[in-house]
Amino acid sequence: QKEVEQDPGPLSVPEGAIVSLNCTYSNSAFQYFMWYRQYSRKGPELLMYTYSSGNKEDGRFTAQVDKSSKYISLFIRDSQPSDSATYLCASHRAAGNKLTFGGGTRVLVKP
Amino acid sequence: GAGVSQSPSNKVTEKGKDVELRCDPISGHTALYWYRQSLGQGLEFLIYFQGNSAPDKSGLPSDRFSAERTGGSVSTLTIQRTQQEDSAVYLCASRKRGGGNTDTQYFGPGTRLTVL
């Protein structure tokens, strides 16, 4: 079993809908949680960064971490076709540690 | 400002040949990471350099893989006697030492390696 699990999708939604993405993790030592967006043939780009449990909002993006259930979520409001990409969740323990990634969820936002 | 750059962007090699992949981190970033992304395994950590400390090599899959970082900046990942299972995208990331959002790892575009 991988330390970070993520549904590979694809997840297809109409433009303007809310995209809901989730990951689960098994390592209780994880303290830092991130969401990256990756377009085809590009490197991952950081979207959201959170420490420990709680919510964080940035524009159309909201990240949630529930350490009690080891559950990480990302919500994208008012989705756009340009949001079509693969979304990767990632975690690490202490600051500066190597990232452990989920397998990524492919999202398609249809106009 | 300039981001992480990697070269070459694509590399095709024959089985058994050695390859070198290069990473130029963001200026002023003290930490540098190599990851590998393949269809079956997703994105996996390979090696981590932080300043003058000994590198964390715990993710290297075999002794055919090695990396060095010269002068605390540019890094080279070397794969000797390449095998077909080495085919993947090799990603480099750099990080500015510090807490909070400065702990973020910024990724380069990757080198797509194909071993025939």
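From a predicted model like this one, the values you see are computed outputs, not experimental measurements.

Draft legend 1. Molecular detail of the overall build of chain A. Looking only at helices and strands, chain A has zero helices and eleven strands in total. Its helices and strands in sequence order give chain A the pattern β-β-β-β-β-β-β-β-β-β-β, from N to C terminus. Its C-alpha atoms give chain A a radius of gyration of 13 Å, near enough to 13 Å, the size a compact globule of 111 residues would have. Each principal axis of the C-alpha distribution contributes one length, and for chain A these read about 40 × 25 × 25 Å. Expressed as a percentage of the 111 residues in chain A, the buried residues total 43%. Residue pairs at least 24 apart in sequence account for 54% of intrachain contacts in chain A once pairs closer than 6 positions are excluded. Working note: accessible area of chain A is about 5300 Å², and carbon and sulfur atoms make up 48% of it. With 13 positive and 10 negative side-chain charges, chain A shows a spacing of 7 Å between the two charge centroids.

Draft legend 2. Summary view of the interface of chain A and chain B. Contact residues are listed per partner, giving 19 residues for chain A and 22 residues for chain B. Together, the buried faces of chain A and chain B total about 1600 Å²; carbon and sulfur atoms form 50% of this surface. Viewed at the interface, chain B and chain A are joined by zero salt bridges. For the interface between chain A and chain B, the tally reads four residue pairs in polar contact (both at pLDDT 80 or more). A per-element tally of the side of chain A that touches chain B places strand β4 (residues 32-38) of chain A first, with three residues.

Draft legend 3. Spatial organisation of the sheet that holds strand β7 (residues 75-79) of chain B. Residues and elements named next belong to chain B. Ordered by their spatial adjacency, four strands build an open sheet running β1-β3-β7-β6, and the pairing between neighbours is antiparallel. For this open sheet the edge positions go to β1 (5-7) and β6 (65-69), each flanked by a neighbour on one side alone. For this sheet, the mean inter-axis angle between neighbouring strands, taken without regard to orientation, is 15 degrees. Sheet topology note: the strand β3 (residues 19-24)/β7 ladder contains five bridges and is antiparallel. Note that in β7 the partner of Cys23 across the bridge is Ser75.

Draft legend 4. Spatial organisation of the state of the cysteines. In total, this model carries two disulfides over all chains according to the counting rule given. Two residues, Cys23 of chain A and Cys89 of chain A, share a disulfide whose sulfurs are 1.9 Å apart. Disulfide Cys23 of chain A-Cys89 of chain A: torsion about the S-S bond near -100 degrees, hence left-handed. Within this pair, whereas Cys23 of chain A is found in strand β3 (residues 19-25), its partner Cys89 of chain A is found in strand β9 (residues 85-92), the two being separated by 66 residues in sequence. Judged by its relative accessible area of 1%, Cys23 of chain A is buried. Overall, the relative accessible area of 0% leaves Cys89 of chain A in the buried class. Shown here is the disulfide that connects Cys23 of chain B with Cys92 of chain B, its sulfur atoms set 1.9 Å apart.

Draft legend 5. Region of the structure containing the packing of aromatic side chains. Residue and element names in this part refer to chain B. Counted under the stated rule, the structure contains twelve aromatic pairs over all chains. Both rings, one in Tyr33 and one in Tyr48, keep their centres 4.5 Å apart while their planes meet at 5 degrees; by these two values the pair is stacked. A residue pair is termed long-range when its members are at least 10 positions apart, and Tyr33 in strand β4 (residues 31-38) and Tyr48 in strand β5 (residues 42-50) qualify at 15 residues. Tyr33 sits in the buried class, given a relative accessible area of 0%. Arranged with centres 6.0 Å apart and planes meeting at 75 degrees, the rings of Tyr35 and Phe45 form a pair that is edge-to-face. With Tyr35 in strand β4 and Phe45 in strand β5, this pair connects stretches of sequence that are ten residues apart. Classification of Tyr35 as buried rests on a relative accessible area of 0%.

Draft legend 6. Just the nonpolar core, in detail. Leu21, Trp35, Met48, Ile72, Leu74 and Tyr87 of chain A are the most contacted members of the largest nonpolar core, which has 22 residues in total. At the level of secondary structure, the elements contributing two or more residues to this core comprise β3, β4, β5 (45-51), β7 (61-66), β8 (71-76), β9 and β11 (105-110) of chain A. Not counting residues within four places of it along the chain, the set of residues in contact with Leu74 of chain A comprises Val19, Ser20, Leu21, Trp35, Leu47, Met48, Phe61, Thr62, Ala63 and Tyr87 of chain A. Within the second largest apolar cluster, 20 residues are counted, among which are Val19, Cys23, Ile79 and Leu113 of chain B.

Conventions adopted
- Residues numbered from 1 in each chain as written.
- Chains lettered and ligands numbered in written order.
- Predicted model: local features only at pLDDT ≥ 70, side-chain atom pairs only at ≥ 80, totals over all residues.
- Heavy atoms only, no water.
- Helix = DSSP H or I, 4+ residues; strand = E, 2+ residues; numbered from the N terminus.
- Rg over C-alpha atoms; globule rule 2.2 N^0.38 Å.
- Buried < 20%, exposed > 50% of the residue type's maximum accessible area, 1.4 Å probe, protein only.
- Contact = heavy atoms within 4.5 Å.
- Areas by Shrake-Rupley, 256 points an atom, 1.4 Å probe, with all protein chains shown as cover.
- Lys, Arg positive; Asp, Glu negative; His and termini not counted.
- Charge placed at Lys NZ, Arg CZ, Asp CG, Glu CD.
- Buried area = accessible area lost by both parts, 1.4 Å probe.
- Salt bridge = Lys/Arg side-chain N within 4 Å of Asp/Glu carboxyl O.
- Polar contact = N/O pair within 3.5 Å; in protein donor to acceptor, adjacent residues only side chain to side chain.
- Pairing = 2+ DSSP bridges.
- Axes fitted to C-alpha atoms, helices over the stretch in contact; angles between N-to-C directions.
- Disulfide = S-S within 2.5 Å.
- Phe/Tyr/Trp six-rings, centres within 6.5 Å; stacked < 30°, edge-to-face > 60°.
- Core = buried A, V, L, I, M, F, W, Y, C linked by side-chain atoms within 4.5 Å.

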